[in-house]
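Working through the structure, step by step
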Amino acid sequence: MEKQVKTYKGPAGGWGALASSFRHISEQGIVGRGATTLLKANQPDGFDCPGCAWPDKNQHSTFEFCENGVKAVAAEATRRTVPPEFFAQHSIESLAAHDDYFLEAQGRLTHPMFYDGADADGAGGHYRPVDWDEAFAIVARHLHALDSPDQALFYTSGRTSNEAAFLYQLFVREYGTNNLPDCSNMCHEPSGVALGEQIGSGKGTVTLDDFHKAEAIFIFGQNPGTNHPRMLGELREASRRGCRIVVFNPLRERGLERFANPQSPVDMLTGGATPIASHYYQPRIGGDLAALKGLMKSVLESGEIDQAFIAEHCTGFEALRADVLAEDWTVIELESGLSRTQIEEAAAVYRASNATIACWGMGITQHKHGVATIQTIVNLLLLRGNLGKPGAGACPVRGHSNVQGDRTMGIYEQPSEAFLDKLGRAFGFEPPRKHGHDVVGSIEAMLRGEAKLFFAMGGNFAAASPDTVRTAQALRQCELTVHVSTKLNRSHLVHGRQALILPCLGRTEIDVQAGGVQSVTVEDSMSMVHLSGGINPPVSGALLSEPAIVARLAAITLPHSKTPWLWLIEDYDRIRDKIADVVDGFLHFNQRVHQPGGFYLGNAAAERRWHNAAGKAVFCVHAIPRALAGSAPLRLMTMRSHDQYNTTIYGLEDRYRGVSGHRRVCFISKQDLERFALQAGQWVDIVSVWHDGERFARRFLLIEFDIPAGCIASYYPETNPLVPLDSYADRARTPTSKSIPVRLQPAEAA
Ligand SMILES: Nc1nc2c(c(=O)[nH]1)N[C@H]1C(S)=C(S)[C@@H](COP(=O)(O)OP(=O)(O)OC[C@H]3O[C@@H](n4cnc5c(=O)[nH]c(N)nc54)[C@H](O)[C@@H]3O)O[C@H]1N2
Ligand SMILES: Nc1nc2c(c(=O)[nH]1)N[C@H]1C(S)=C(S)[C@@H](COP(=O)(O)OP(=O)(O)OC[C@H]3O[C@@H](n4cnc5c(=O)[nH]c(N)nc54)[C@H](O)[C@@H]3O)O[C@H]1N2
Ligand SMILES: [Mo]
């Protein structure tokens, strides 16, 4: 593909989205069955789209079109495969020389593969096929050889079903550890921490119905045009009925400006498009907390607050009021990068609305002050009673399609005593009580040599984690690394002394166990739980389902377990009955989930019941972070292009930002180009500046973009070498992928 940079003038969605979808279907060689597969996405009798966690509009409606859902489904349903012969031909070393785009494009894994640690003939090591029993025996042998269960780490990525996740955490705890790091640690962890403390529920309080009733929707640090395209459908409807949509994002994201719904014949035939954002503000990276304080100041000064709600439901109001009123506009303007006029304008929209939803994504969570910013967003909502009333509430927009469900099922390194008590009672064992390692803690433990076995249920830890060089060093120090995966990825190549790849069924594939065809369940970003059943025959006869992998591994590793592992996986209803016994809110799970559309888990805060220590919604006072005091001249945010799913690179087009043919780009403002005597089109190295030294990411092409001075942006995972391991969110330990202190230097000639 030719390398290009040009301004995108069209709306989000529209014909561009359709054209791109068909290209991806045909590239995966599934034109014939692509259509049937897609028609079953998010249908009552189909599979849950493995794309994002945005909820389904209506389980009875026809297929809801989503360009990036198409890419996710097409990538999984591909007929291309990576059989054992492929590994015989390619050494691990030679594969490691390729980029992530190449690895993903090779297709689906078909057979369990083992690297035994011997680099015979000097040609680099090779993975060789093993049968399943042998693979499980290898893992069991390693697990038994450890001095303590806490020397093993069990990672989870958020695509794993509820059933697989429940069995997995049970296995890990029966084995004896709470070392259950997960992708949430790098994602919405600050949302859970902030909301749990403040309103007693770590999840969002809104449902889709609220989107139909909201008078204003505030969107902080989120790019739905790319990452949650179906959310644009809701925003389009909201915009058309006059709801105000207020965006805070340093980047001018085209996908938030106008949207043509590929579902709407009128939009498609007339070339019509609906404006999305009614107001677009571009704070500095990390400037949201300051902006929010400005908003609150304006609301408090106007007196337009919900006094009855505050008196009945909240605590801490007087302290918050005093703090906010004492805040100086000069500091607010300086740190937010917005003018007082802009902030007062946004506050006027907020004050005029009787029902406001606040949404946020990675632009808010992946900062040192992520937890504080989220609590400040909620403070703003509380001021006008925008919690627990129709059309209003808090909406953290989750990433992976079942990341929320995995947590609900107990994938958590800091489980509550109550959960462990119930789990232990239901399965007749004494669960470990010591809290385990999160993602950053896991990497540190491997580096110290304290953790020696790394097992991953999905995901791509080597590429997704911060500080790539150190993470690689950490993984390479392990005795054994194991990956349950659908596709080849970097983590298979950055391995321990021995390594296993265990290939599993994907969402789109039919899962047959002794009891017949099985479905799994997932929970979306709005706490709706529903079934997901595959429709395509598995790409290889050797694949196992994730629940089967866990159960068979557990049966071999834990010979004295009282859990009937192999019986449970004959019929997943049996797993669900166990979940009903242990997990709150899942009573009569099977009956409820077998109804079309599934069920809503509920949220106490949405009913104005506050299950936190205070028993009330808490106004939390946070100081404005003084980011400008830092030593590096620029702040880098690392984000997703339109053609990727996290570390999975589908293609090289970032359509709405006008970039095609390459990914090593760096978005920079005109002012900074001038300030540093750089030129658009020039190649630079990005250097992160941290207390323990500098980190480098080489050769990025500068692109002039509408972004505030002092802020630059580039894609993840290429920039992950720049994220220092010990730079993470206060109290949530989420790597600060959206605010890395950096400088630029001209790259050496290639
Ligand atoms: N197609 C596709 N869909 C996905 C994913 C994918 O990779 N591809 N990933 C999934 C996952 S796991 C997740 S978590 C979500 C991620 O979805 P998003 O939360 O949208 O994630 P990002 O693309 O990382 O960036 C979010 C936005 O934050 C803005 N931003 C950065 N820093 C700041 C800041 O300081 N303040 C403000 N206000 N904004 C800021 C950026 O400009 C960008 O528009 O999407 C999920 N869905
Ligand atoms: N710099 C920077 N770093 C980041 C982020 C950022 O914005 N900037 N975002 C962070 C966020 S929000 C997240 S969520 C993490 C994501 O981290 P991960 O969840 O670990 O990464 P993914 O890229 O989603 O994982 C992709 C791999 O999952 C496997 N896979 C796909 N489907 C299935 C399945 O059904 N079952 C199994 N077992 N495996 C499957 C495939 O082998 C594929 O290669 O990255 C984080 N890292
Ligand atoms: Mo995520």
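Worth saying up front: this structure is predicted, and the values here are computed from it rather than measured. (Residues numbered from 1 in each chain as written. Chains lettered and ligands numbered in written order. Predicted model: local features only at pLDDT ≥ 70, side-chain atom pairs only at ≥ 80, totals over all residues. Heavy atoms only, no water.)

Topic: the overall build of the chain
Stated precisely, the cut-off is as follows: The way it works is that DSSP assigns letters per residue, a run of H or I at least four long becomes a helix, a run of E at least two long becomes a strand, and they are numbered from the N terminus. We compute the radius of gyration over the C-alpha atoms and compare it with the globule rule, which gives 2.2 Å times the number of residues raised to the power 0.38. The rule is simple: take the accessible area with a 1.4 Å probe, protein chains only, and divide by the maximum for that residue type; under 20% is buried, over 50% is exposed, in between is partly exposed. Here a residue-residue contact requires only that any non-hydrogen atoms of the pair lie within 4.5 Å. Methods summary: accessible areas were calculated by the Shrake-Rupley approach with a probe of 1.4 Å, and residue burial reflects only the protein chains presented. For the purpose of charge, His is not counted, nor are the chain termini; Lys and Arg are scored as positive and Asp and Glu as negative. Every charge is mapped onto a representative atom, which is NZ of Lys, CZ of Arg, CG of Asp or CD of Glu.
Helix and strand counts for the chain come out as 31 helices and 34 strands. Since a compact globule built from 750 residues should have a radius of gyration of about 27 Å, the 25 Å found for the chain is in line with a globular shape. Along the three orthogonal principal directions, the C-alpha set of the chain runs to about 70 × 65 × 55 Å. Scored against the burial criterion, the 750 residues of the chain give a buried share of 64%. The long-range fraction of contacts in the chain, counting pairs at least 24 apart against all pairs at least 6 apart in sequence, stands at 79%. Carbon and sulfur atoms provide 53% of the accessible area of the chain, an area that totals close to 25700 Å². Computed over 73 positive and 83 negative side-chain charges, the separation of the two mean positions in the chain equals 3 Å.

Looking at the site of ligand 2
Here is the rule: Any residue with a heavy atom lying within 4 Å of a molecule or strand is counted as near it. Counting of polar contacts relies on pairs of N or O atoms within 3.5 Å, with two restrictions inside protein: one atom must be capable of donating a hydrogen and the other of accepting it, and residues adjacent in sequence are counted only when both atoms are side-chain atoms. Basically, the charged four are Asp, Glu, Lys and Arg, the nonpolar ten are Ala, Val, Leu, Ile, Met, Phe, Trp, Tyr, Cys and Pro, and anything else, Gly included, counts as polar. For the domains described, the bounds stem from an automatic or database domain assignment.
Neighbouring ligand 2 are 30 residues; Tyr-155, Ser-157, Glu-546, Thr-647 and Asn-720 lie closest to it. Interatomic distance of 3.0 Å between a backbone N/O atom of Val-484 and a nitrogen atom of ligand 2. A distance of 2.5 Å separates an oxygen atom of ligand 2 from a polar atom in the side chain of Thr-647. Protein burial of ligand 2: of its 930 Å² of free accessible surface, 96% is covered by the chains. Classifying every residue of the shell around ligand 2 gives 10 nonpolar, 15 polar and 5 charged. Formed jointly, the shell around ligand 2 draws a minimum of three residues from each of two domains, domain 1 (81-177 + 402-596) and domain 3 (634-746).

Digging into the site of ligand 1
The environment of ligand 1 is made up of 30 residues, and the closest members are Glu-253, Gly-286, Asp-288, Gln-644 and Asn-646. Within the backbone of Gly-221, one N or O atom sits 3.3 Å away from a nitrogen atom of ligand 1. Compared with its free state, where it exposes 930 Å², ligand 1 has 99% of that area covered by protein. Of all the elements in the fold, those that place two or more residues in the shell around ligand 1 are α11 (224-227), α19 (362-365), β25 (634-639) and β26 (644-645). Taken together, the residues of the shell around ligand 1 sort by class into 10 nonpolar, 16 polar and 4 charged. Composition of the shell around ligand 1 by domain shows at least three residues from each of domain 2 (189-397) and domain 3 (634-746).

Thoughts on the packing of helix α14 (residues 288-302) against helix α16 (residues 317-326)
For any two helices packed against each other, the geometry comes down to the angle between their axes and how far apart the axes lie. To keep things clear, this is the line we draw: With axes taken as lines fitted to C-alpha atoms, and helix axes fitted only over the stretch in contact, angles between N-to-C directions fall between 0 and 180 degrees. Should an angle fall under 35 degrees it is taken as roughly parallel, and over 145 as roughly antiparallel, whereas 65 to 115 is taken as roughly perpendicular and any remaining angle as oblique.
Where α14 contacts α16, the two axes come as close as 9 Å, and the packing angle between them is 105 degrees. One way to sum up the angle between α14 and α16 is to call them roughly perpendicular. Of the residues in α16, those touching α14 at Lys-293, Met-296, Lys-297, Leu-300 and Glu-301 are Phe-317, Leu-320, Arg-321, Asp-323, Val-324 and Leu-325. Among the residues making up the contact of α14 with α16, the classes are represented as 6 nonpolar, no polar and 5 charged.

Some remarks on the pattern of salt bridges
Should their charged atoms come close, side chains of opposite charge can pair. Short version of the rule: Each reported salt bridge corresponds to a side-chain nitrogen of Lys or Arg within 4 Å of a carboxyl oxygen of Asp or Glu.
Enumeration according to the criterion identifies 51 salt bridges in this entry. One salt bridge connects Asp-133 with Arg-552, and the closest N-O pair in it is separated by 3.3 Å. A residue pair is termed long-range when its members are at least 10 positions apart, and Asp-133 in helix α7 (residues 132-145) and Arg-552 in helix α27 (residues 546-557) qualify at 419 residues. For the salt bridge of Arg-470 with Asp-692, the shortest nitrogen-to-oxygen distance reads 2.8 Å. Taken as a pair, Arg-470 in helix α25 (residues 468-476) and Asp-692 in the loop between β31 (683-690) and β32 (693-704) lie far apart in primary sequence, 222 residues in all. Residue Arg-470 is classed as partly exposed on the basis of its relative accessible area, which comes to 28%. The class of Asp-692 is partly exposed, set by a relative accessible area of 34%.

A short note on the packing of aromatic side chains
What counts here: Under the pairing criterion, centres of Phe, Tyr and Trp rings, with the six-membered ring standing for Trp, must be within 6.5 Å; the plane angle then separates stacked pairs below 30 degrees from edge-to-face pairs above 60, leaving the rest tilted. Consider the ring centre and the ring normal. A charge sits over the ring if Lys NZ or Arg CZ is within 6 Å of that centre and within 35 degrees of that normal.
Summed over the entire model, instances satisfying the criterion amount to 26 aromatic pairs. Of the aromatic side chains, those joined through ring pairs into one cluster are Phe-154, Tyr-168, Phe-171, Tyr-175 and Phe-455. Over the ring of Phe-700 we find Arg-664, and its NZ or CZ is 4.5 Å from the ring centre.

What about the domain arrangement of the chain?
To keep it simple, the criterion reads: When two components associate, each loses some accessible surface as probed by a 1.4 Å sphere; the sum of these losses over both components is called the buried area.
Looking at the assigned domains, one finds that the chain contains domain 1 (81-177 + 402-596), domain 2 (189-397) and domain 3 (634-746). Summarising the inter-unit geometry, the C-alpha centres of domain 1 and domain 2 are found 36 Å apart. With 8 residues of domain 1 at the interface, the matching set in domain 2 holds 9 residues. Carbon and sulfur atoms supply 47% of the area buried between domain 1 and domain 2, which totals about 610 Å² over both sides.

Comments concerning the layout of surface pockets
The criterion, for reference: Grid points spaced at 1 Å and placed over the protein atoms alone form the basis of the search, with a cavity being a set where a 1.4 Å probe fits but cannot get out and a pocket an open set showing protein on both sides within 12 Å along at least five of seven lines. Lining residues have an atom within 4 Å of a point. Grid points are joined across faces, edges and corners, and a volume is the space filled by probe spheres set on the points.
Put simply, the largest pocket is a space of about 1400 Å³. Along the walls of the largest pocket sit 42 residues, with Ser-201, Gly-202, Lys-203, Arg-407 and Thr-408 positioned nearest its centre. The volume enclosed by the second largest pocket comes to roughly 590 Å³. Sorting the residues of the lining of the second largest pocket by element identifies α6 (100-105), α24 (461-464), α25 and α26 (490-493) as the ones contributing at least two each. Among the elements that line the lining of the second largest pocket, the one with the most residues is α25, at 3 residues. Looking at the lining of the second largest pocket residue by residue, the class counts come to 12 nonpolar, 3 polar and 9 charged. Shared between two domains, the lining of the second largest pocket takes at least three residues from each, and those domains are domain 1 (81-177 + 402-596) and domain 3 (634-746).

Overview of the sheet that holds strand β2 (residues 12-13)
Quick reminder of the rule: Note on pairing: DSSP must find at least two bridges between two strands before they are called paired.
The strand order β2-β10-β11 describes an open sheet built from 3 strands, whose pairing is mixed. The sheet is open, and its two borders are formed by β2 and β11 (274-275), each paired with just one other strand.

Re unusual backbone geometry
Of the consecutive residues Tyr-716 and Pro-717, the connecting peptide bond is found in the cis state with omega at 10 degrees. Within the element layout of this structure, Pro-717 appears in the loop between β33 (711-715) and β34 (740-746). Although it is not a glycine, Asn-646 sits at a positive phi angle of roughly 50 degrees. Locating Asn-646 in the fold gives a position in the loop between β26 and β27 (648-649). For Asn-646, a relative accessible area of 15% corresponds to the buried category. The phi dihedral of Arg-699 falls on the positive side, at around 60 degrees, and the residue is not glycine. Residue position: Arg-699 is located in strand β32.

Re the state of the cysteines
Our working definition: The disulfide criterion used throughout: a pair of cysteine sulfur atoms within 2.5 Å.
This structure, assessed with the given rule, holds 0 disulfides. Looking at the unpaired Cys-49, the closest cysteine sulfur is the one in Cys-66, lying at 6.1 Å. Distance from the sulfur of Cys-243, which forms no disulfide, to the nearest cysteine sulfur (Cys-359) is 9.8 Å. The buried category is assigned to Cys-243, whose relative accessible area is 4%.

Regarding the pairing of strand β8 (residues 216-220)
Where burial is concerned, most of β8 is hidden: 5 out of the 5 residues are buried. Bridge analysis of β8 against strand β9 (residues 244-248) gives 5 bridges, and the strand direction is parallel. Within the sheet, the bridge partner assigned to Ile-219 lies in β9 and is Val-247. Pairing of β8 with strand β14 (residues 356-360), which is carried by 5 bridges, proceeds in the parallel orientation. Along β14, the bridge assignment pairs Phe-218 with Ala-358.

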